[in-house]
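The chain contents come next:
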Amino acid sequence: MEPDSEFPIELRSKAFEVLSSNDNTAMETLFSHLYSPQHQHRSQALAFLQCCKHYHPDLLFIKLFFILRCTPLPETRANAARALHFLQPSHLWPKLRPLAQARLKAHFLTFLAEEPSIHVLRLASLVLAETVSVTYKTHQNWPEILDFLLSSIASNDDKSREVASLVFAKLPNDCRFLVSNALREKHDAVRVLHSSFLSSLASSNPDVQVASFGAAVSLVRLFSEPSLFHELLRAIMVGVFTLLHGFEGSYFRSAFAELVNLVSQEPLLLKPYMNDMVLDVLQIVESDSLSKETHCLAFELVMAMTEVKEYDHVFVNLPYTTVRRLFFVSTKMLQCVAEDGGGGERELEGEEVVDVYGFGMKCLKKLCVALGASKAVSVAYEVLRLHLDDTEWKMRHAGITMLNVIAEEFSDEMVLMENFLGEVVTKVLKSIQDSHVQVRLATLKFMETPTNFVQVVQILYHHRLVHAFCMALDNDQDHKVKEQAASAMLFFLKNTLPESLTLNKNVDTVMSKLLSLLQEAARGIRICAELGTPQLKPFVNRILSELSVLMNDPNRSLPENAKAHDIAVSALGRICEFHRECIDGSQMVPVWLSFLPLRNDLIEAKVMHEQLCLMVARLDKDLLGAGYQNLVKIIVVFLELSYAVRFRTLFSAILLAI
């Protein structure tokens, strides 16, 4: 669409009329449409505003600022500030003529001095910060606004200090260096700001405190001289703990978020202090009197450190006791798990929902990467033993979860560490029989993780694993645990070397257990059939009988049964393919074909449809049937699967054979 045709001519004419008029009624109506929730005219109001921005950006800025400056109603002034921020002053300001910019700069100063509403000023600080930013980024100067902000931040008036701090705090990252340089050139500005920040950070007014946090972080490079930065950081940390004890649920969050930003943005300044800051964080997260959300927020600082390369040496050099405490904090979060296994506990604070369990998982993973194998595995070994031997089920569950995370990161190191493998296997086997269902489920799920550690356990301890799985299938009263045990056994069968299974004296036990849970474990029969081991032969007739019941179940089309039906058909297909000598192929292969195509289990469908293609390609006699009587069914299956290209090739081969 051409720019001139993006908006209708009528809308463009209306935009110019509204923007050039001294009457603000139309703009007030526009605000009501924009900021009234679920208003039917909101989309039209946005289109009108975008039309104004596209064709008359200078008039739009002037109009909105005029409303912000002169309208008597505070809510209308607030809406004008919201609209200016939404439209991005950095896009509008350069469109103004130099004379208009000069006049607006003067009006800005008057507005800041005279506006009575702190609510309007807080919104306007966002507009002013972006305007200052675009001014300096376009190689212009605005020394008057810097002088005004310096004067305001050094005053004894809380409103002035807060607004000036907010403007500095909201400066975009890409202009903070430019503004800092401009301030540095002013006589005594660094000393004034430093002194003012120390005073504001200790203010009894939490709004002033929080605003000064953001301002100090924004202009922190002004205070790179060690003694200045040391004093400022100390004031920041004292301020954080003051807000924590007085305003944990509100102001503390905003202030601590600024501290996290500081850690992320200025690693070179913070490096000498990070050990102490980690200890400060631990002091917060280990306090039982604070909320779980506060614990998570405080630990975000440590997480921010893990993402900054300059802090790598900090983690490497952390004392063992500190690392141990960090692990215990993460596993404490992992204890926030629901009794019924429905997911991690979530703490509701205002409108925010914190997934404490999920956050604990993220923390543990990032800590492992930051600490490295040599430090993480040795600490995890100690913490793991304490958790798995605890009498509280949530501790044991957290231990299994931690084992899962550690195995994903450091499988090889765990296997090679002296005594680790044997002791962990013993505890895992014990956990499969744990008194609490969630611990049993978590342990069985762990045994399905595709890690080198689990693979080594399967190879070296397959006899003990089979026994543990069978015990779970035999004795557990919980249906979910039985399903998970069957799934873990299938994973074991799929990943165990065929030689290991062949040599396993309990393979008949394995097959018996899978048959007893056929609906959940038919896929295991298919896997065993693929192995082609002679141990399967004694069970083929019983397997076929059980599969027949499942495949011909009158309720097989129900959603809860459809997938099990497809798995059973797949198991029959693999028996036809790999154990034809044990069955009557002329009868069983056509039975298998009659159930194709599969549609409910995509994994098994892919296996079976590929098998059908291979059997057709080799002109399988049992598949084609006497006199090619099954050819029509084969064609129907191919057509339903839309294997058109592949079918033409295979069908040509059949015709040539005929």
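The text that follows walks through the structure, step by step, so that each part is easy to find. Keep in mind that this is a model prediction, so the values were computed, not measured. (Residues numbered from 1 in each chain as written. Predicted model: local features only at pLDDT ≥ 70, side-chain atom pairs only at ≥ 80, totals over all residues. Heavy atoms only, no water.)

Bringing the packing of aromatic side chains into the picture now. The relation between two aromatic rings is expressed through the spacing of the ring centres and the mutual angle of the planes. Per the stated rule, a full pass over the model turns up 15 aromatic pairs. Plain terms: the ring middles of Phe-252 and Phe-256 are 5.4 Å apart, the flat faces sit at 40 degrees to each other, and that makes the pair tilted. In this pair, Phe-252 and Phe-256 both sit in helix 15 (residues 251-265), four residues apart, roughly one turn of the helix. Classification of Phe-252 by relative accessible area gives buried; the value is 0%. In this structure Phe-256 comes out as buried when scored by relative accessible area, which is 2%. Ring geometry for Phe-469 and Phe-492: centres 6.3 Å apart, planes at 65 degrees, overall edge-to-face. Here Phe-469, found in helix 27 (residues 462-475), pairs with Phe-492, found in helix 28 (residues 479-495); they are 23 residues apart in sequence, far enough to count as distant. On the basis of relative accessible area, Phe-469 is assigned to the buried category, the value being 1%. Aromatic ring contacts, followed pair by pair, group Phe-61, Phe-65, Trp-93, Phe-108, Phe-111 and Trp-142 into a single cluster. Here the basic side chain of Arg-82 rests over the ring of Tyr-35, its NZ or CZ set 5.8 Å away from the ring centre. (Phe/Tyr/Trp six-rings, centres within 6.5 Å; stacked < 30°, edge-to-face > 60°. Helix = DSSP H or I, 4+ residues; strand = E, 2+ residues; numbered from the N terminus. Buried < 20%, exposed > 50% of the residue type's maximum accessible area, 1.4 Å probe, protein only. Lys NZ or Arg CZ within 6 Å of the ring centre and 35° of its normal.)

Further remarks concern the pattern of salt bridges. Inspection of the entire model under this criterion finds 23 salt bridges. A salt bridge links Arg-161 to Asp-158; the shortest N-O distance between them is 2.9 Å. Taken together, the residues span about one helical turn, with Arg-161 and Asp-158 both in helix 10 (residues 158-169) at a distance of three residues. Judged by its relative accessible area of 28%, Asp-158 is partly exposed. For the salt bridge of Glu-307 with Lys-366, the shortest nitrogen-to-oxygen distance reads 2.2 Å. Of this pair, Glu-307 sits in the loop between helix 18 (292-306) and helix 19 (312-316) while Lys-366 sits in helix 21 (residues 356-371), placing them 59 residues apart in sequence. Judged by its relative accessible area of 56%, Glu-307 is exposed. On the accessibility criterion, Lys-366 (22% relative accessible area) is partly exposed. A single network of salt bridges, built from pairs that share partners, joins Glu-577, Arg-580, Arg-618, Asp-620 and Asp-622. (Salt bridge = Lys/Arg side-chain N within 4 Å of Asp/Glu carboxyl O.)

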